[in-house]
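# Examination of the molecular architecture
Chain residues, written in single-letter form:
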Amino acid sequence: MSGHSKWATTKHKKAAIDAKRGKLFAKLIKNIEVAAKVGGGDPSGNPTLYDAIQKAKKSSVPADNIERAVKRGSGAESGGADWINITYEAYGPAGVALLIECLTDNRNRSASEVRIAVTRSGGTMADVGSVARLFSRKGIVTVAKSQDGKQITDLDLMEATMDCDPESINDEGEAFEIICEPNSLVEVRSAVQAAGLDYESADIAFQPSFTSAVPDAEAARKLYKILDALDDCDDVQDVYSNEDVSAEIEAELEED
């Protein structure tokens, strides 16, 4: 998932690594198919497809899988599904807002799977619009700090993207995130490349307007259980949340 939650610290505890990798590949392939269907199968003229392919390559999706997905999406090869985008809204413990994006060929299946994943783990489904209004669509270009033995700084990225007027450059540990308006995403990504830098991903994503503090480790466990359950849903592409889990609570969870 490409949301901005901090629940990744628990993911290493899950044993089915190969299954997780397979699910990730399937989600990336879906993105490629949809991008090719909407904008055509030529990445040079379809920036959304270009970025979807680059993201798949970064995740080690085999080249022949990528090629077939492009062909299915563009209609050059049969077998492409009629994917539709659906967004569900929910609340986790402590009022944490969850925006759940699905890409599916079966609306009823997705609705059922998402509802079960949320409610069985202690969350509640929300009314349409009640959660979405708490998030804004943004372009996010992720750039690794270490590239070819060189350390990239925020100043390097500021200089590279100055003419694009990005909103902010955030330090996310091993990488920087360049935040911009959605319609500036390709321009910012291209500026990074023009500066001779590589990028990890370029996506349109949702950012929360404010965060909700998770009060204790028990609430955090319940939240992460919901997020893990959603991650197991084949139709779920991305989950965005607005939780704020303190370093002390994260440390307590690591001891579990």
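Anyway, here's the lowdown on the structure attached to this text. (Residues numbered from 1 in each chain as written. Predicted model: local features only at pLDDT ≥ 70, side-chain atom pairs only at ≥ 80, totals over all residues. Heavy atoms only, no water.)

### Observations concerning the environment of Gly95
What counts, and what does not: A helix here means a DSSP run of H or I that spans at least four residues, while a strand means a run of E at least two residues long, and both kinds are numbered starting from the N terminus. Accessible area is worked out with a 1.4 Å probe on protein chains only. A residue is then buried under 20% of its type maximum, exposed over 50%, and partly exposed in between.
With respect to the helices and strands, the residue Gly95 is situated in the loop between strand S1 (84-91) and strand S2 (97-104). For Gly95, a relative accessible area of 40% puts it in the partly exposed group. With 21 residues separating them in the primary sequence, Gly95 and Ser74 have C-alpha atoms 42 Å apart.

### A short note on the sheet that holds strand S8 (residues 175-180)
To keep things clear, this is the line we draw: Strand pairing requires that DSSP identify at least two bridges connecting the strands. Here, axes are lines fitted to C-alpha atoms. For helices the fit covers the stretch in contact, and angles between N-to-C directions go from 0 to 180 degrees.
Strand order in the open sheet formed by four strands is S7-S8-S4-S9, with antiparallel pairing between adjacent strands. Only two strands of the sheet have a single neighbouring strand rather than two, namely strand S7 (168-171) and strand S9 (201-208). Taken over all neighbouring pairs, the strand axes of this sheet differ in orientation by 35 degrees on average, direction set aside. Where strand S4 (residues 135-144) and S8 come together, six bridges link them in antiparallel fashion.

### What to know about the packing of helix H7 (residues 217-231) against helix H8 (residues 247-254)
The axes of two packed helices give the description: the angle between them and the distance between them. Here is the rule we go by: To sort the angles, those under 35 degrees are grouped as roughly parallel, those over 145 as roughly antiparallel, those from 65 to 115 as roughly perpendicular, and the leftovers as oblique. Here, residues are in contact when the closest pair of their heavy atoms is within 4.5 Å. Residue type decides the class: Asp, Glu, Lys and Arg count as charged, Ala, Val, Leu, Ile, Met, Phe, Trp, Tyr, Cys and Pro as nonpolar, and the leftover types, Gly among them, as polar.
Relative to each other, H7 and H8 sit at 70 degrees, their axes nearing to 9 Å. One finds that H7 runs roughly perpendicular with respect to H8. Contact residues: Ala217, Ala220, Arg221 and Tyr224 in H7; Ile249, Glu250, Glu252 and Leu253 in H8. Classifying every residue of the contact of H7 with H8 gives five nonpolar, no polar and three charged.

### Some remarks on the side chain of Asn46
Residue placement: Asn46 occurs in the loop between helix H1 (17-39) and helix H2 (47-58). For Asn46, the residues in contact, after removing those within four places along its chain, are Ala35, Ala36, Gly39 and Gly40.

### Some thoughts on unusual backbone geometry
Look at Ser60: it is not a glycine, yet its phi comes out positive at around 70 degrees. The topology assignment puts Ser60 in the loop between H2 and helix H3 (63-74). Judged by its relative accessible area of 44%, Ser60 falls in the partly exposed class. Although it is not a glycine, Asp165 sits at a positive phi angle of roughly 55 degrees. Positionally, Asp165 belongs in the loop between helix H5 (154-161) and S7.

### A closer look at the packing of aromatic side chains
Short version of the rule: In summary, the pairing rule links any two rings of Phe, Tyr or Trp, Trp by its six-membered ring, whose centres are within 6.5 Å, and it sorts them by plane angle into stacked for under 30 degrees, edge-to-face for over 60 and tilted for everything else. When the NZ atom of lysine or the CZ atom of arginine is within 6 Å of a ring's centre and also within 35 degrees of its normal, the charge is said to sit over that ring.
All told, the structure shown has one aromatic pair when counted by the stated rule. Above the ring of Phe176, the side-chain terminus of Lys145 is found at 5.0 Å from the ring centroid.

### A closer look at the nonpolar core
Let me state the cut-off plainly: Nonpolar core, defined: a set of buried Ala, Val, Leu, Ile, Met, Phe, Trp, Tyr and Cys residues in which side-chain atoms within 4.5 Å join the residues together.
Counting 25 residues, the largest nonpolar core has Leu98, Ile100, Val114, Leu230 and Val236 as the members making the most contacts within it. Every element with two or more residues in this core is listed here: S1, S2, helix H4 (107-119), H7, strand S11 (236-241) and H8. The greatest single-element share of this core, amounting to eight residues, is contributed by H7. Phe176, Leu185, Val192 and Ala202 belong to the second-largest nonpolar core, a separate cluster that totals 15 residues.

### With respect to helix H6 (residues 185-194)
Here is the rule: Of all possible arcs, the one meant is that of the directions from the helix axis to the C-beta atoms.
Among all positions in H6, only Leu185, Val188, Arg189, Ala191 and Val192 are buried. One side of H6 carries all its buried residues, which in axial view fall inside an arc of 160 degrees. The inward-facing, buried residues of H6 contact H2, S4, H5, S8 and S9. Just past H6, the residue Gly196 takes up positive phi, approximately 80 degrees.

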